[in-house]
Amino acid sequence: MTTRIDRRFAALKAENRPALVTFVMAGDPDLPTGQAILNALPQAGADVIELGMPFSDPMADGVAIQLGGQRALASGQTLTGVLGMVEEFRRKDETTPIVLMGYYNPIYIYGVDRFLADATQAGVDGLIVVDLPPEEDEELCLPALKAGINFIRLTTPTTDDRRLPTVLANTSGFVYYVSMTGVTGAAIKSRGAVGEAVDRIKAHTDLPVAVGFGIKTADDAADIGRHADGIVVGSVLVDAVGKSLDEGRATERTVAAVRDIVADLAQGVRRARQ
Amino acid sequence: MDGINSLRNGPDEHGRFGIYGGRFVAETLMPLILDLERHYRAAKTDPAYQAELQNLATHYTGRPSPLYFAERLTQHLGGAKVWLKREELNHTGSHKINNCLGQILLAKRMGKTRVIAETGAGQHGVATATVCAKFDLPCTIFMGATDVERQAPNVLRMKMLGAEVRPVTAGAGTLKDAMNEALRDWVTNVESTYYLIGTAAGPHPYPEMVRDFQSVIGTELKAQFQEAEGRLPDAVVACVGGGSNAIGTFHAFLDDADVALYGAEAGGHGIDVENGHAASMTGGRPGVLHGNRTYLLQDADGQILEGHSISAGLDYPGVGPEHSWLHDTQRVTYVPITDKEALEAFQLLTRTEGIIPALESAHGLAQVMKLAPTLDKDQSVVLCLSGRGDKDVESVGKYLGLLNS
Ligand SMILES: Cc1ncc(COP(=O)(O)O)c(C=O)c1O
């Protein structure tokens, strides 16, 4: 079964450029502005969208995304609300893949079967759930695959060659290589090591490999995008939302701030292999 | 070995106690906890490791801790005999040292060069800073900013022992937030760092490992009581934060059906007050946080609540997974104890026995105060007195001042 994600990566491969994968927090800084940001992403140049499901205890996130999640929760965001945003987005965009990213507990409480049914209905293409390693595949990964939703796994610098096949076994859509040991928003320590790691993963799988954590500028995107099939940018976008606010409220700059950075990064991925 | 029907066999190879437990961690940490498990299995059967631990327990901690018959307290309550398992007499003043010694030896074996820990009351932080001083490892302690304030004496102790104390301002600045921040540090410093979790919770193998290190409490207690009374106690009580002193006390008795087991959770302002307590089992429902599935305080959308307790060490919205399972199977009865009841218990023990208990342990004592009068005079209740109250003297004083004015 090919999914929107498969089709998008195949099309970009034909164009010989990496995908620009953008992460924003659903409902940040408030529900309507969050929707406007989401809706603006494809036009600005995002090829794949990761939509953050806010969680009270984001253990793998740095300060920028922690604050984005807090703003979304303070605005009344819920998992039902996140699915509603995807549904709204899908009224106008049938092709841009959306991957929901977050932590397991809200999904567990929503109910796995009900969540998968509603996510499929809303037009969700994939899931990244940070605290579900392969050892817990029966919780959500296997049911998701059955429901036709891609389960995208994170591989990290600590995932060695012996473990890599375990991590890749039930992965679909793409593989997300976390460029460093650390939380979201920190800086990449060694670009060379990232390239090597991508090659190492590609020796084990035919899936596209996207690299995330620590990519901030168009130059980063161009540089990392030479090797990778996609680059993921999140903290800079969420940080831009935060910086655009006036006393915690959205301003007319908020949507534009995100759009401008995405447009710039889109230039980066387009010159990656020229 | 325990039989197949024993309640002492958990966890299974997936780290589960029934549906609880597991390994819900980011991929970056997964290879680390698998490695930790391998090292722990090896250490467990290594006579040299066991001998070193035993030697430290005797000469450094001061084990065995006494089992003390609290005569005046018994008279005051007018029912069953009340006994105290005196973990507060351990070096550093609580049961936390039992676990810290076991884990620091493991960290050494694994070649780790830095230790991190989370702490609520600061007792685990102090115990960690202590073993790090002794074994010459740098350590960083994450502590919620609220707790830094209400447990100031322990913050000073940690600093004097050479630890770096990092106040965590996220959320309500309590134990849950400290644990998030410790996990963020661990995920960043995977090569060098050993995460010394302070309670029987977190991803497998921590709940099992911490339980094993704390089980010395119940094992000693059982033998001491046998020696004193020639039989088993009728009831055993412990307070439950993450659940390490409680599981360590209960584990030896799980298969003794005649021994009633009680865990005292933090009932805060009352179990009916939304977000006003930290009684995860009596007032929460199963969910996934900090690496394990367990009972959690959470809202309808699966967002974790901060909870509240007068006691920093019990102010945590979750509980170790083995307790969740013992709650479901009803082998252990978990009861909420309010702040007010704990304060009364704190004063009672101080005045009748001359022993100032930790506010955490005072929750267990409050359950004993309810239970003992309902039992016969020839029956016996044992409380795990998990820690001493020096750290709480100032904040209790403040509370009592407020209550009087
Ligand atoms: C004296 C004392 N008792 C109990 C606890 C609660 O922890 P646990 O439930 O893991 O024993 C603490 C935690 O700080 C403590 O300091």
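Keep in mind that what you see is a predicted model, and the values were worked out from it rather than measured.

Engineer: Help me out: how do you make sense of the overall build of chain B in this one?
Structural biologist: When helices and strands are tallied, chain B shows 16 helices and 14 strands. Taken over the C-alpha trace, chain B has a radius of gyration of 19 Å; the compact-globule value for 405 residues is 22 Å, and the two agree within 12%. A burial count over chain B gives 64% of its 405 residues as buried. Taking all contacts inside chain B whose residues are at least 6 apart in sequence as the whole, residues at least 24 apart take part in 73%. If you sum the accessible surface of chain B, you get close to 13900 Å²; carbon and sulfur atoms cover 53% of it. Here chain B contributes 36 positively and 48 negatively charged side chains, and the mean placements of these two sets differ by 3 Å.

Engineer: Looking at this model, I keep getting lost on the interface of chain B and chain A. Mind explaining?
Structural biologist: One frequently used descriptor of interface size is the decrease in accessible area upon assembly of the parts. Counting residues at the interface gives 34 residues for chain B and 35 residues for chain A. With both chains or domains summed, chain B and chain A bury close to 2800 Å², and 51% of this area falls on carbon and sulfur atoms. Of all residues in chain B, the largest losses of buried area upon contact with chain A belong to Glu27, Arg184 and Asp301 of chain B, amounting jointly to 24% of the total for that side. One can count five salt bridges joining chain B with chain A. Of the charged contacts in the structure, one is a salt bridge between Asp57 of chain A and Lys176 of chain B, with a shortest N-O distance of 2.7 Å. Applying the counting criterion to the chain B and chain A interface returns 21 residue pairs in polar contact (both at pLDDT 80 or more). In terms of residues, the side of chain B that touches chain A owes the most to one element, helix α8 (residues 175-188) of chain B, which gives six residues. Classifying every residue of the side of chain B that touches chain A by side-chain character gives 17 nonpolar, nine polar and eight charged.

Engineer: What's the story with the sheet that holds strand β14 (residues 380-385) of chain B in this structure? I'm lost.
Structural biologist: By definition, the strands of a sheet pair up through backbone hydrogen bonds, in either a parallel or an antiparallel sense. Residues and elements named next belong to chain B. Across the sheet, six strands lie side by side as β3-β4-β14-β9-β10-β13; this open sheet has mixed pairing. Pairing within the sheet leaves two strands with one partner each, and these edge strands are β3 (67-69) and β13 (332-338). Here the average twist between neighbouring strands, direction ignored, is 25 degrees. Judged from the seven bridges that link them, strand β10 (residues 260-268) and β13 form a sheet pairing that is parallel.

Engineer: I keep staring at the packing of helix α5 (residues 123-134) of chain B against helix α7 (residues 152-160) of chain B and nothing clicks. Help me out?
Structural biologist: Residues and elements named next belong to chain B. Between α5 and α7, the least distance of the axes is 9 Å, while the angle of their chain directions is 10 degrees. Overall, the two elements α5 and α7 adopt an arrangement that is roughly parallel. Remark: the crossing between α5 and α7 carries left-handed chirality. Contacts between α5 and α7 involve Gln123, Gly125, Val126 and Ala129 from the former and Asn154, Arg157 and Met158 from the latter. Here the residues of the contact of α5 with α7 are counted per class, giving three nonpolar, three polar and one charged.

Engineer: I'm lost on the site of the ligand in this one. Help?
Structural biologist: All names here are of chain B. Taken together, 18 residues are adjacent to the ligand, and Thr199, Gly241, Gly243, Ser244 and Ser386 come closest. For the ligand, an oxygen atom lies 2.5 Å from a polar atom in the side chain of Thr199. Here Gly242 contributes a backbone N or O atom positioned 3.2 Å from an oxygen atom of the ligand. Expressed as a share of its isolated accessible area of 390 Å², the protein-covered part of the ligand is 98%. Taken together, the residues that form the shell around the ligand break down as five nonpolar, eleven polar and two charged.

Engineer: What should I look at first to understand the UniProt feature "domain: Tryptophan synthase beta chain-like PALP" (unreviewed entry) in chain B in this one?
Structural biologist: Residues annotated by UniProt as "domain: Tryptophan synthase beta chain-like PALP" (unreviewed entry) correspond here to residues 62-387 of chain B. Span residues 62-387 of chain B is 40% helix and 21% strand, its end C-alpha atoms 14 Å apart.

Engineer: It is not clear to me how helix α4 (residues 79-90) of chain A should be interpreted in this structure. Could you clarify?
Structural biologist: Turn by turn, an α-helix covers 3.6 residues, leaving residues three or four places apart pointing in a common direction. All names here are of chain A. A rise of 1.5 Å per residue sets the reference length of α4, with its twelve residues, at 16 Å; its end C-alpha atoms lie 17 Å apart and thus fit the reference within 8%. Those residues of α4 that fall on the buried side of the exposure criterion are Leu79, Val82, Leu83, Met85, Val86, Phe89 and Arg90. Projected down its long axis, α4 carries its buried residues within an arc of 150 degrees, all on one side. Of the surrounding secondary structure, the elements contacted by the buried residues of α4 are α1 (4-15), α2 (31-44), β2 (48-52), β3 (98-102), α5 (104-110) and α6 (112-122).

Engineer: What is the right way to read unusual backbone geometry from this model?
Structural biologist: Trans is the common state for peptide bonds, and a negative phi is the common state for residues other than glycine. In this chain, Gly10 of chain B is followed by Pro11 of chain B through a cis amide linkage whose omega measures -5 degrees. Located in the positive-phi region is Phe213 of chain A, a residue other than glycine, with phi close to 80 degrees. The residue Phe213 of chain A is located in the loop between β8 (209-212) and α10 (218-224) in this model. Even without being glycine, Asp136 of chain B reaches a positive phi, approximately 60 degrees. Mapping Asp136 of chain B onto the fold places it in the loop between α5 and β6 (139-144).

Engineer: Help me understand the nonpolar core, please; the structure alone is not making it clear to me.
Structural biologist: In a soluble, globular protein the nonpolar side chains are often hidden away together inside. Counting residues in each nonpolar core, the largest one holds 87 residues, and the members touching the most others are Tyr176 of chain A together with Ile104, Met158, Trp186, Tyr194 and Tyr195 of chain B. When neighbours within four sequence positions are excluded, Tyr194 of chain B is seen to be in contact with Leu36, Gln103, Leu106, Ala107, Met110, Lys112, Arg114, Val115, Ile116, Trp186, Tyr206 and Met209 of chain B. If you look at the next biggest cluster of nonpolar residues, it comprises 65 residues, including Val24, Ala26, Ala46 and Met85 of chain A.

Engineer: Sorry, what's going on with the side chain of Asn90 of chain B here?
Structural biologist: Residues and elements named next belong to chain B. Assignment of secondary structure puts Asn90 in the loop between β4 (81-86) and α4 (96-109). Assessed through its relative accessible area of 2%, Asn90 is described here as buried. In this structure the side chain of Asn90 is engaged in a polar contact, spanning 3.3 Å, whose partner is the backbone oxygen of Ser94.

Engineer: Even after reading the chapter, I still don't get the UniProt feature "active site" (unreviewed entry) in chain A, so can you show me in this structure?
Structural biologist: Residues annotated in UniProt with the feature "active site" (unreviewed entry) correspond here to Glu50 and Asp61 of chain A. You can see Glu50 of chain A is positioned in strand β2. Non-local contacts of Glu50 of chain A, meaning those with residues more than four positions away in its chain, are made with Val21, Thr22, Phe23, Val24, Val99, Met101, Ile128, Phe174, Tyr176 and Val232 of chain A. Among the structural elements, Asp61 of chain A can be located in the loop between β2 and α3 (63-74). In contact with Asp61 of chain A, not counting residues within four places along its chain, are Gln66, Tyr103, Val183 and Thr184 of chain A together with Arg184 of chain B. In terms of polar contacts, Asp61 of chain A uses its side chain to reach the side chain of Thr184 of chain A, at 2.8 Å.

Engineer: Please explain the side chain of Gln151 of chain B as it appears in this structure.
Structural biologist: All names here are of chain B. Within the fold, Gln151 resides in the loop between α6 (145-150) and α7. A distance of 3.3 Å separates the side chain of Gln151 from the side chain of Lys391, its partner in a polar contact. Setting aside residues no more than four positions away along its own chain, Gln151 makes contact with Gly120, Ala121, Met143, Ala312, Glu360, Lys391 and Asp392.

Engineer: Would you take a moment to explain the UniProt feature "modified residue: N6-(pyridoxal phosphate)lysine" (unreviewed entry) in chain B for this structure?
Structural biologist: Residues and elements named next belong to chain B. Per the UniProt annotation, the sites labelled "modified residue: N6-(pyridoxal phosphate)lysine" (unreviewed entry) are Lys96. In this structure, Lys96 sits in helix α4. Given a relative accessible area of 16%, Lys96 falls into the buried group. Beyond its immediate sequence surroundings of up to four residues, Lys96 is in contact with Gln123, His124, Ala127, Gly198, Thr199, Gln214 and Ser244.

The rules behind each value
- Residues numbered from 1 in each chain as written.
- Chains lettered and ligands numbered in written order.
- Predicted model: local features only at pLDDT ≥ 70, side-chain atom pairs only at ≥ 80, totals over all residues.
- Heavy atoms only, no water.
- Helix = DSSP H or I, 4+ residues; strand = E, 2+ residues; numbered from the N terminus.
- Rg over C-alpha atoms; globule rule 2.2 N^0.38 Å.
- Buried < 20%, exposed > 50% of the residue type's maximum accessible area, 1.4 Å probe, protein only.
- Contact = heavy atoms within 4.5 Å.
- Areas by Shrake-Rupley, 256 points an atom, 1.4 Å probe, with all protein chains shown as cover.
- Lys, Arg positive; Asp, Glu negative; His and termini not counted.
- Charge placed at Lys NZ, Arg CZ, Asp CG, Glu CD.
- Buried area = accessible area lost by both parts, 1.4 Å probe.
- Salt bridge = Lys/Arg side-chain N within 4 Å of Asp/Glu carboxyl O.
- Polar contact = N/O pair within 3.5 Å; in protein donor to acceptor, adjacent residues only side chain to side chain.
- Nonpolar A, V, L, I, M, F, W, Y, C, P; charged D, E, K, R; others polar.
- Pairing = 2+ DSSP bridges.
- Axes fitted to C-alpha atoms, helices over the stretch in contact; angles between N-to-C directions.
- Parallel < 35°, antiparallel > 145°, perpendicular 65-115°, else oblique.
- Left-handed = near helix turned anticlockwise from the far one by under 90°.
- Near = heavy atom within 4 Å.
- UniProt positions renumbered as here; feature names shortened; annotations may be inferred.
- Expected span 1.5 Å × (residues − 1).
- Arc of directions from axis to C-beta.
- Core = buried A, V, L, I, M, F, W, Y, C linked by side-chain atoms within 4.5 Å.

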